[in-house]
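# Results of the structural survey
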Amino acid sequence: MAENGTDCDQRRIRMKEQHNGNFTDSSLSERKRRDREERLNIVLWRKPLVTLQYFFLETLINLKEWTIKLWHRRSILVSFLLTLAVLTAAYYVEGTHQQYVRYMEKKFFWCAYWVGLGILSSVGLGTGLHTFLLYLGPHIASVTLAAYECNSVNFPEPPYPDQIICPEEEATGGSISLWAIISKVRLEACMWGAGTAIGELPPYFMARAARLSGAEPDDEEYQEFEEMLEHAETAQDFASRAKLAVQNLVQKVGFFGILACASIPNPLFDLAGITCGHFLVPFWTFFGATLIGKAVIKMHIQKLFVIITFSKHIVEQMVSLIGAIPSIGPSLQKPFQEYLEAQRIKLHHKADSGVPQGENWLSWMFEKLVIVMVCYFILSIINSMAQSYAKRLQQKMYSEEKTK
């Protein structure tokens with residue numbers, strides 16, 4: 001009897017501890033949910049002063065952290081500064097090498113421009129800037145339209161790439177080939193793809209550092225990934241199953257799985273980076289597959305799609321189809337025809353030839369769209385950094401409560 005009573009007491013104690021643990025977990029998750037909702041309310045259009053204050057404080061903290069990291073790697077920093085000093089001296093000293101310096105300068109800044117746009121597209125700052133739609137896609141479309149109009153891709157440099165003008169000598173032979181257009185825009189397209197591959201590295205390094213250190217990272221996507229692994233067998237909705245499919249493909253297939261995920265437009269590729277970091281996939285396996293997939297395979301698919309879409313006969317068919325829309329077709333068709341005609345005139349005249357540079361409302365709208373999206377991107381960065389600082393304050397409160 002005494003033994004039975006003891007067993008009952010132990011079972012009651014275990015049930016009580018389990019109940020208390022569940023209650024604690026539920027209350028903690030509820031508190032985290034409230035804190036997350038509170039952070040999401042810290043935006044410029046709701047709390048402008050608080051948002052700006054938190055943004056500047058987060059900026060100062062990041063600058064301090066980066067300064068400390070640079071100080072710990074001061075030998076690399078000194079080597080970089082010495083190399084920069086040598087390159088600066090070579091740039092300003094007169095000599096026969098200047099023609100090569102100017103050529104390298106032009107290529108370097110051209111490549112850096114597209115790599116930077118690629119990084120902005122995928123690095124995860126704020127909402128991300130859709131630089132393919134805003135910059136690379138229109139550039140490829142312009143080159144395609146000009147190539148078909150000029151029947152050549154040998155545009156005079158300068159002003160190309162700032163402005164496209166048909167070469168003075170008439171092109172001999174047949175029509176322009178698709179491969180010639182692909183080759184003309186290959187450098188900028190591959191550099192943009194390489195930039196997107198570089199932008200995928202932060203989730204990989206974050207997950208890898210968390211796995212090696214055993215610490216819980218300050219990242220909601222990683223926490224969501226761990227929850228997904230815990231509830232893998234009970235996942236029912238399509239989004240969860242798609243994420244699990246990406247995770248299983250990357251984990252089981254390895255290099256070729258990462259390559260497959262990187263080679264197609266894939267909004268879940270951040271999950272692939274987190275998966276590779278979590279399961280300690282070697283860096284060059286992850287980055288090599290990502291670089292080949294994004295800068296070579298995926299970039300050629302996207303480039304081919306834009307070139308075919310903006311080929312001469314396709315564009316003419318699209319404009320004629322717009323005119324076939326009942327009632328509003330002719331009024332919609334007219335600005336497109338005017339824009340295409342204006343582009344043809346520009347292609348056959350030099351920039352300083354005195355030809356009037358009229359502005360079509362389509363180009364005006366696109367320029368304003370670019371400005372609006374860039375401004376929204378900057379605002380989203382401010383909001384995101386302010387929310388990061390708010391999360392620092394909340395985590396500080398958690399740690400203070402635990403030490404009490």
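The model shown is predicted, which means the values in this text are computed figures rather than measured ones.

### With respect to the overall build of the chain
Each helix and strand in the chain was counted, giving 16 helices and 0 strands. Counting the 404 residues in the chain, one finds 32% classified as buried. Contacts spanning at least 24 positions in sequence make up 70% of the contacts within the chain whose residues lie at least 6 apart. Accessible area of the chain: about 25700 Å², with a carbon and sulfur share of 64%.

### Some details on the state of the cysteines
In total, this model carries 1 disulfide according to the counting rule given. Here Cys-150 is linked by a disulfide to Cys-166, with a sulfur-sulfur distance of 1.7 Å. Taking the sign of the S-S torsion, -75° for the link of Cys-150 and Cys-166, the bridge is left-handed. Of the two residues, Cys-150 is situated in helix α5 (residues 131-150) and Cys-166 in the loop between α5 and α6 (178-184); the sequence distance between them amounts to 16 residues. Taking relative accessible area as the criterion, Cys-150 reaches 9% and is therefore assigned buried. Exposure remark for Cys-166: the relative accessible area of 9% places this residue in the buried category. Considering cysteine sulfurs only, Cys-276 is the nearest to Cys-261, which forms no disulfide, with 8.5 Å between them. Under the relative-accessibility criterion, Cys-276 is labelled buried at 0%.

### Describing the pattern of salt bridges
Scanning the entire structure with this criterion turns up 4 salt bridges. Of the charged contacts, one joins Glu-58 and Arg-392 as a salt bridge, the two residues approaching to 2.8 Å between their closest N and O atoms. Of this pair, Glu-58 sits in helix α2 (residues 48-72) while Arg-392 sits in helix α16 (residues 361-403), placing them 334 residues apart in sequence. Accessibility expressed as a relative area gives 29% for Arg-392, which makes it partly exposed. Its salt-bridge partner being Arg-392, residue Glu-65 comes within 3.6 Å of it at the nearest N-O pair. Residue Glu-65 is located in helix α2, and its partner Arg-392 is located in helix α16; the two are separated by 327 residues in the primary sequence. Salt bridges linked by common partners bring Glu-58, Glu-65 and Arg-392 together as one network.

### Section: the environment of Ile-181
Take Ile-181: it is sitting in helix α6. A sequence separation of 126 residues divides Ile-181 from Ile-307, and the C-alpha atoms of the two residues are 7.7 Å apart.

### So, the packing of α5 against helix α13 (residues 283-309)
In contact at an axis separation of 9 Å, α5 and α13 are set at 55° when each is read in the N-to-C sense. Judged by the inter-axis angle, α5 sits oblique to α13. Crossing of α5 against α13: the hand is right-handed. For the pair formed by α5 and α13, the contact residues are Phe-132, Leu-136, Gly-137, Ile-140, Ala-141 and Thr-144 on the first element and Met-299, Gln-302, Lys-303, Val-306 and Ile-307 on the second.

### With respect to the packing of aromatic side chains
For any pair of aromatic rings, geometry is given as the distance between the ring centres together with the angle between the planes. Evaluated as defined, the whole model comprises 17 aromatic pairs. Centre to centre, the rings of Tyr-91 and Tyr-92 are 5.0 Å apart; their planes meet at 85°, and the pair counts as edge-to-face. Here Tyr-91 falls in the partly exposed class, since its relative accessible area comes to 25%. Following the ring pairs from residue to residue traces out a cluster consisting of Tyr-204, Phe-205, Phe-283, Trp-284, Phe-286 and Phe-287.

### Section: unusual backbone geometry
Unusually for a residue other than glycine, Asn-151 sits at a positive phi of about 60°. Among the secondary structure elements, Asn-151 is positioned in the loop between α5 and α6.

### Thoughts on the nonpolar core
Generally speaking, a soluble globular protein has its nonpolar side chains buried in company with each other. One finds Leu-136, Val-143, Phe-155, Ile-164, Ile-181 and Trp-192 to be the most contacted residues of the largest nonpolar core, which totals 27 residues. For this core, the secondary-structure elements that each account for two or more residues are α4 (98-122), α5, α6, α7 (186-199) and α13. It is α5 that provides the largest number of residues to this core, a total of 8 residues. Beyond its immediate chain neighbours, meaning those up to four positions away, Phe-155 contacts Val-143, Ala-146, Ala-147, Cys-150, Tyr-160, Ile-164, Ile-165, Pro-167 and Lys-184. The next biggest cluster of nonpolar side chains, apart from the first, holds 17 residues, and it includes Tyr-204, Leu-259, Phe-269 and Phe-287.

### Focus on the packing of α7 against α13
Interaxial distance between α7 and α13 falls to 8 Å at its minimum, and their mutual angle equals 140°. With respect to their mutual orientation, α7 and α13 come out oblique. Crossing angle aside, the handedness with which α7 passes α13 is right-handed. Residues Arg-186, Ala-189, Cys-190, Trp-192, Gly-193, Ala-194, Thr-196, Ala-197 and Ile-198 of α7 touch α13, and the partners they reach there are Phe-287, Thr-290, Leu-291, Lys-294, Ala-295, Met-299, His-300, Gln-302 and Lys-303.

Conventions and cut-offs
- The written sequence of each chain sets the order in which its residues are numbered from 1.
- Under the rules for a predicted model, residues below a pLDDT of 70 receive no local features and side-chain atom pairs below 80 are neither given nor counted, while totals for whole chains, interfaces and linings still include all residues.
- Only hydrogens and water are set aside; all other atoms, that is, all heavy atoms of the structure, feed into the side-chain values.
- Going along the chain from the N terminus, every DSSP run of H or I of four or more residues is numbered as a helix, and every run of E of two or more is numbered as a strand.
- Throughout, exposure labels follow a simple rule: accessible area from a 1.4 Å probe, protein chains only, divided by the maximum for the residue type, with under 20% read as buried, over 50% as exposed, and the rest as partly exposed.
- Throughout, a residue-residue contact means that at least one pair of heavy atoms, one from each residue, lies within 4.5 Å.
- Using a 1.4 Å probe, the Shrake-Rupley method yields the accessible areas, and only the shown protein chains count as cover for residues.
- Disulfide assignment relies on a single distance test, namely cysteine sulfur atoms paired within 2.5 Å.
- In the sections that follow, a salt bridge refers to a side-chain nitrogen of Lys or Arg positioned within 4 Å of a carboxyl oxygen of Asp or Glu.
- Comment: axis = line fitted to C-alpha atoms, over the contacting stretch for helices; angle = value between 0 and 180 degrees taken between N-to-C directions.
- For classification, angles of less than 35 degrees are called roughly parallel, those exceeding 145 degrees roughly antiparallel, those between 65 and 115 degrees roughly perpendicular, and all remaining angles oblique.
- In a left-handed crossing the near helix is turned counterclockwise from the far helix by less than a right angle, and in a right-handed crossing that turn is clockwise.
- Aromatic rings from Phe, Tyr and Trp, taking only the six-membered ring of Trp, are treated as a pair when their centres fall within 6.5 Å; an angle between ring planes under 30 degrees marks them as stacked, one over 60 as edge-to-face, and anything in between as tilted.
- Nonpolar cores are built from buried Ala, Val, Leu, Ile, Met, Phe, Trp, Tyr and Cys residues. Side-chain atoms within 4.5 Å join them into one set.

Note that every value here comes from positions in space, so none of it alone points to a role or purpose.
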